[in-house]
Amino acid sequence: MNDMTPIARLSPPRSPGATVARLTRRQKAAIVVRFLMNEGAEVPLTDLPEPLQAALTTQMGSMRYVDRSTLADVVAEFASELEAMGLTFPRGVAGALTALDGKISPQTAARLRKEAGVRQFGEPWEQVCNAGVDSLLPIIELESIEVAAVVLSKLEVTQAAELLGRLPGEKARRITYAVSQTGAVTPEAVDRIGLSLAAQLHDVPETAFDSGPVERVGKILNYSPAATRDDVLEGLDEADKDFASLVRKAIFTFANIPERLNPVDVPKVIREVDNAVLATALAAALGSDDLAPVAEFVLENMSKRMAEALREEVEELGKVKQKDGEEAMTSVVNAIRTLEASGEVTLVIPEDDEDEE
């Protein structure tokens, strides 16, 4: 049989299905894949294990052509097997974890991923390149110059430049020079480096909380009465002044509105607050020497007609109870927080005292 003999033309002459019966599953797979590709279908062969990809490529390279009758029989058999298939399961631990995402605890998922190996997270270098400079910087600082040079070569240019700019000058220069020596690095070595770095990226201790202590304390104090908040901050100043300073920056209360809220965003805020609640908050603020400037800030940055109407309503309310005033001011703060979370307003970040000096 010469190279131009179709694999379907075997002697003696075949009966329907006879040739298909003599084909191996690998040959049938090659026929189906080739047929699907000819039809323009996307065949995700990269999902197959590398040995199977290699075997399929070798098989396709050894075949010439198939007659229409054999092609129809192979495709029909393939379609029949698909129709008979009632249920499929994801291949490997990675697929199973993806299917069960959100259905099992994060702790269990993390443990299974770690036990299954770092490749279960995807391609190691893809993970490294997507990690971000903040995550890569502490790892690169501890790695050898040669490894750092390989990493720099694999990253996007902008990402590599940012990483280089955040390294000490001497180390950055040595790494840059080492990039010129990476021409002889083998693909296997690069793969091992990627695996090692990806493993380090995933070797992060599990934490019980989604946010840091500063953010958690700040949120609690945001909703605490003013007297409680002041007392806690005073105690924090005595126990840990640096931590107290960070907490103060995380706190956003009614008193912080003039320094943190852009004046042009005031109309957006008042639209989110019930008019009676806003009037109560302003009445309570105007009755306090410390908070009166906040009320004036709000009134000055709304329409003149609305400001006049609110001032009249505030006069009618007179002095409000402290509890009612604090609740109303909290509602205004909550409206600002909601707008910030949705991206409609951006709060000004307080500067460090050292920077101000």
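An unreviewed UniProt entry annotates the protein chain as Flagellar motor switch protein FliG of Roseovarius aestuarii. Recorded in UniProt for the protein chain, the comment headed Sequence similarities (unreviewed entry) runs: "Belongs to the FliG family." UniProt, in the comment section headed Function (unreviewed entry), describes the protein chain in these words: "FliG is one of three proteins (FliG, FliN, FliM) that forms the rotor-mounted switch complex (C ring), located at the base of the basal body. This complex interacts with the CheY and CheZ chemotaxis proteins, in addition to contacting components of the motor that determine the direction of flagellar rotation."

Looking only at helices and strands, one finds 22 helices and 0 strands in the protein chain. With 357 residues in all, the protein chain has 30% of them scored as buried. In the protein chain, 74% of the contacts between residues at least 6 apart in sequence involve partners at least 24 apart. With the model as given, the accessible surface of the protein chain reaches about 23,300 Å², and the carbon-plus-sulfur share is 53%.

Relative to each other, helix α8 (residues 133-142) and helix α12 (residues 187-202) sit at 115°, their axes nearing to 11 Å. Both α8 and α12 take part in a crossing whose hand is right-handed. Facing Ser 135, Leu 136 and Ile 139 of α8, the residues of α12 in contact are Leu 197, Gln 200 and Leu 201. Of the residues in the contact of α8 with α12, the class split is 4 nonpolar, 2 polar and no charged.

With that settled, the discussion passes to empty space enclosed by the protein. Counted under the stated rule, the structure contains 1 cavity of 30 Å³ or more. Where the lining of the largest cavity is concerned, the elements lending two or more residues are α17 (266-271) and α21 (322-342). Of the residues forming the lining of the largest cavity, the biggest block, 3 residues, is contributed by α17.

Glancing now at the pattern of salt bridges. Counted according to the given criterion, the structure contains 10 salt bridges. Note that Glu 81 is salt-bridged to Arg 25, the shortest N-O span being 3.7 Å. A residue pair is termed long-range when its members are at least 10 positions apart, and Glu 81 in helix α4 (residues 68-84) and Arg 25 in helix α2 (residues 25-38) qualify at 56 residues. A salt bridge links Arg 166 to Glu 162, with the nearest nitrogen and oxygen atoms 3.8 Å apart. In this structure Arg 166 comes out as partly exposed when scored by relative accessible area, which is 38%. In this structure Glu 162 comes out as partly exposed when scored by relative accessible area, which is 43%.

Below, the discussion takes up α21. Between the first and last C-alpha of α21 there are 30 Å, a value that for 21 residues agrees with the 30 Å anticipated at 1.5 Å per step. Buried residues of α21: Gly 325, Ala 328, Met 329, Val 332, Val 333, Ala 335, Ile 336 and Leu 339, and no others. All buried residues of α21 fall inside an arc of 145° around its axis, so they share one side. In α21, those exposed residues whose orientation departs by more than 90 degrees from the buried face are Lys 323, Thr 338 and Ala 341. Contacts from the buried residues of α21 go to α16 (257-260), α17 and α18 (275-286). Of the residues trailing α21, Gly 343 is marked for its positive phi of about 85°.

Okay, the nonpolar core next. If you look at the biggest cluster of nonpolar residues, it comprises 34 residues, and the most contacted ones within it are Phe 254, Ile 257, Leu 282, Val 332 and Ile 336. At the level of secondary structure, the elements contributing two or more residues to this core comprise α17, α18, α19 (292-300), α20 (304-317) and α21.

The next subject is a nonpolar patch on the surface. Where nonpolar side chains cluster on the molecular surface, the patch consists of Phe 78, Leu 82 and Met 85 and spans about 280 Å² of accessible area. Here Phe 78 is to be found in helix α4. Of the residues examined, Phe 78 reaches a relative accessible area of 34% and is grouped as partly exposed.

Of note, Lys 171 is situated in helix α11 (residues 169-179). Separated by 23 residues in sequence, Lys 171 and Ala 148 place their C-alpha atoms 9.7 Å apart. Residues contacting Lys 171, with those up to four places away along its chain left out, are Ile 140, Glu 141, Leu 142, Glu 143 and Ile 145. Side-chain polar atoms of Lys 171 contact the backbone oxygen of Glu 143, separated by 3.5 Å.

Before going further, it helps to spend a moment on the side chain of Arg 260. Along the chain, Arg 260 turns up in helix α16. Look at Arg 260: it is buried, it has no salt bridge, and the nearest opposite charge is Glu 340 at 5.4 Å. At a separation of 3.5 Å, a polar atom in the side chain of Arg 260 contacts the main-chain carbonyl oxygen of Ile 251. Reaching out from Arg 260, the side chain makes a polar contact with the backbone oxygen of Val 348 at a distance of 2.3 Å.

So, how was this worked out
- Residues numbered from 1 in each chain as written.
- Predicted model: local features only at pLDDT ≥ 70, side-chain atom pairs only at ≥ 80, totals over all residues.
- Heavy atoms only, no water.
- UniProt positions renumbered as here; feature names shortened; annotations may be inferred.
- Helix = DSSP H or I, 4+ residues; strand = E, 2+ residues; numbered from the N terminus.
- Buried < 20%, exposed > 50% of the residue type's maximum accessible area, 1.4 Å probe, protein only.
- Contact = heavy atoms within 4.5 Å.
- Areas by Shrake-Rupley, 256 points an atom, 1.4 Å probe, with all protein chains shown as cover.
- Axes fitted to C-alpha atoms, helices over the stretch in contact; angles between N-to-C directions.
- Left-handed = near helix turned anticlockwise from the far one by under 90°.
- Nonpolar A, V, L, I, M, F, W, Y, C, P; charged D, E, K, R; others polar.
- 1 Å grid on protein atoms, 1.4 Å probe; cavity = no way out; pocket = protein on both sides within 12 Å on 5 of 7 lines; lining within 4 Å.
- Points joined across faces, edges and corners; volume = space filled by probe spheres on them.
- Salt bridge = Lys/Arg side-chain N within 4 Å of Asp/Glu carboxyl O.
- Expected span 1.5 Å × (residues − 1).
- Arc of directions from axis to C-beta.
- Core = buried A, V, L, I, M, F, W, Y, C linked by side-chain atoms within 4.5 Å.
- Patch = residues over 30% accessible without salt bridge, like charges linked within 9 Å, V, L, I, M, F, W, Y side chains within 5 Å.
- Polar contact = N/O pair within 3.5 Å; in protein donor to acceptor, adjacent residues only side chain to side chain.
- Lys, Arg positive; Asp, Glu negative; His and termini not counted.

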